[in-house]
Amino acid sequence: MFIDTHCHLTYDPNSEQVISKAQDVNVGILVCATADPKDIPEAKKLAEQFNNVFITTGIHPDYIDADPTQYLTPDLLSYDKLLGIGEIGLDYHYTPETRDQQIQLFEKQLQIAYEHNLPVAIHTREAEEDTKSILTDAYHGVMHCFTSSWDLAKVMLDRGFYFSASGILTFKNAEEIRETFKKIPIDRIVIETDSPYCAPVPYRGQTCEPYMVIETAKVLASIKNLQLNDLETILEQNTTRLYPKCHVKL
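Rules used throughout
- Residues numbered from 1 in each chain as written.
- Predicted model: local features only at pLDDT ≥ 70, side-chain atom pairs only at ≥ 80, totals over all residues.
- Heavy atoms only, no water.
- Helix = DSSP H or I, 4+ residues; strand = E, 2+ residues; numbered from the N terminus.
- Rg over C-alpha atoms; globule rule 2.2 N^0.38 Å.
- Buried < 20%, exposed > 50% of the residue type's maximum accessible area, 1.4 Å probe, protein only.
- Contact = heavy atoms within 4.5 Å.
- Areas by Shrake-Rupley, 256 points an atom, 1.4 Å probe, with all protein chains shown as cover.
- Lys, Arg positive; Asp, Glu negative; His and termini not counted.
- Charge placed at Lys NZ, Arg CZ, Asp CG, Glu CD.
- Pairing = 2+ DSSP bridges.
- Axes fitted to C-alpha atoms, helices over the stretch in contact; angles between N-to-C directions.
- Parallel < 35°, antiparallel > 145°, perpendicular 65-115°, else oblique.
- Nonpolar A, V, L, I, M, F, W, Y, C, P; charged D, E, K, R; others polar.
- Phe/Tyr/Trp six-rings, centres within 6.5 Å; stacked < 30°, edge-to-face > 60°.
- Lys NZ or Arg CZ within 6 Å of the ring centre and 35° of its normal.
- Salt bridge = Lys/Arg side-chain N within 4 Å of Asp/Glu carboxyl O.

**Looking at the overall build of the protein**
Along the backbone of the protein there are 10 helices and 8 strands. Computed over its C-alpha atoms, the radius of gyration of the protein comes to 17 Å, within 12% of the 18 Å expected for a compact globule of 250 residues. C-alpha extents for the protein along the principal axes are approximately 45 × 40 × 30 Å. Expressed as a percentage of the 250 residues in the protein, the buried residues total 57%. Considering only intrachain contacts with a sequence separation of at least 6, the fraction spanning at least 24 residues in the protein is 68%. Roughly 11100 Å² of accessible area belongs to the protein as shown, and the carbon and sulfur atoms make up 46% of that amount. Averaging the locations of the 22 positively and 37 negatively charged side chains of the protein gives two centres separated by 5 Å.

**Describing the sheet that holds strand β6 (residues 141-143)**
By way of backbone hydrogen bonds, the strands of a sheet pair with one another, either parallel or antiparallel. Spatial strand order, β1-β2-β3-β4-β5-β6-β7-β8: 8 strands in an open sheet with parallel pairing. Each of the sheet's edge strands pairs with one partner strand only, and the pair in question is β1 (2-7) and β8 (189-191). When strand polarity is set aside, the average angle formed by the axes of neighbouring strands in this sheet is 30°. The pairing of strand β2 (residues 27-33) with strand β3 (residues 53-56) spans 4 bridges and is classified as parallel. Opposite Cys32, over in β3, you have Ile55 as the bridge partner. Here helix α5 (residues 99-115) sits on the sheet and contacts β4 (82-91) and β5 (120-125); the angle it forms with β4, its principal contact strand, is near 160°. Most of the contacts of helix α9 (residues 213-223) go to β8, to which it runs at about 150°, and overall it touches β1, β2, β7 (162-165) and β8.

**Description of the packing of α9 against helix α10 (residues 228-242)**
Relative orientation of the contacting elements α9 and α10 amounts to 105°, with a least axis distance of 9 Å. Classified by the angle between their axes, α9 and α10 sit roughly perpendicular to one another. Touching Ala217, Lys218, Leu220 and Ala221 of α9 are Leu228, Leu231 and Leu235, all from α10. Residue composition of the contact of α9 with α10, grouped by class: 6 nonpolar, no polar and 1 charged.

**Examining the packing of aromatic side chains**
Counting across every chain of the model gives 4 aromatic pairs. The interplanar angle of 80° and the centroid separation of 6.3 Å between the aromatic rings of Tyr114 and Tyr139 together place this pair among those described as edge-to-face. Taken together, the residues Tyr114 in helix α5 and Tyr139 in the loop between α6 (128-134) and β6 connect sequence positions 25 residues apart. With a relative accessible area of 15%, Tyr139 lands in the buried category. Seen from the ring of Tyr79, Lys44 lies directly overhead, with NZ or CZ sitting 4.6 Å from the centre. Above the ring of Phe54, the side-chain terminus of Lys81 is found at 4.9 Å from the ring centroid.

**Some details on unusual backbone geometry**
The linkage connecting Gly86 with the following residue, Glu87, adopts the cis geometry, with an omega of 10°. Tracing the sequence through the fold places Glu87 in strand β4. Cis geometry marks the peptide bond from Ser195 to Pro196; its omega dihedral reads 15°. Tracing the backbone shows Pro196 in the loop between β8 and α9. Its identity is not glycine, yet Cys145 carries a phi of approximately 45°, on the positive side. Relative to the assigned elements, Cys145 resides in the loop between β6 and α7 (150-158). Look at Cys145 and you get buried, because its relative accessible area is 13%. A positive phi angle is found at Asp194, which is not glycine, with a value near 55°. Among the structural elements, Asp194 can be located in the loop between β8 and α9. Residue classification places Asp194 among the buried positions, given a relative accessible area of 9%.

**Let's talk about the pattern of salt bridges**
Taken as a whole, this structure holds 9 salt bridges when the rule is applied. Note that Lys21 and Glu209 form a salt bridge whose closest N and O atoms lie 3.2 Å from each other. Of the two residues, Lys21 sits in helix α1 (residues 15-24) while Glu209 sits in the loop between β8 and α9, which places them 188 residues apart along the sequence. Assessed through its relative accessible area of 15%, Glu209 is described here as buried. For the salt bridge of Glu215 with Lys218, the shortest nitrogen-to-oxygen distance reads 3.4 Å. Highlighted residues: Glu215 and Lys218, both in helix α9, separated by 3 residues, approximately one helical turn.

Geometric values such as these leave the question of function open.
Rendered as structure tokens:
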């Protein structure tokens with residue numbers, strides 16, 4: 001069984017169909033992540049409706065005015081299908097001027113994760129130095145949709161983090177990313193779609209869906225010189241180490 005460790009199911013009005021299509025191709029578990037805090041109730045609703053949907057909940061750096069304590073409530077943090085806090089992090093690509101506010105939001109959510117011993121799903125874009133300095137080994141989790149440098153990967157490997165390969169791994173111009181994933185130990189890799197974004201080849205340009213994660217797995221198998229079914233087993237084991245509650249009898 002393949003697991004899409006990071007998809008935004010709340011963005012799709014046809015989520016039931018999307019989930020069914022994924023199951024048809026052996027993508028048996030979907031981890032629905034939030035970015036906009038207003039999506040958290042819908043994500044929880046999907047997890048309650050579908051036994052193979054789990055959630056991570058967090059506030060993306062685009063939403064610097066949000067108060068994490070308003071959304072990451074004690075009831076939510078104790079929910080049995082909540083796997084971690086995410087996606088959270090830093091993104092200086094479009095709004096470098098909000099750096100200080102982003103860091104403040106990031107650190108508040110990291111503190112919540114630390115207090116509840118929850119893994120974190122990290123978004124980082126053009127913010128490597130701050131990510132390295134803030135994300136100490138006090139925390140554990142995954143570098144979501146990892147496209148950053150090998151230098152950052154080395155640091156976060158030493159701190160025990162996992163790395164998630166997205167559809168970007170399949171892009172023609174992503175050779176540097178493929179080289180990075182060649183170096184990352186196979187027992188520290190998981191996969192995701194980040195749907196509805198980053199549809200892999202041969203679906204590039206289309207709206208991404210969780211069933212497409214198989215294409216990323218195929219490229220990763222080639223990079224690692226593994227048979228696809230062997231990679232499937234390894235990725236499932238990695239995911240359940242990253243997110244211990246992420247298992248279901250289908």
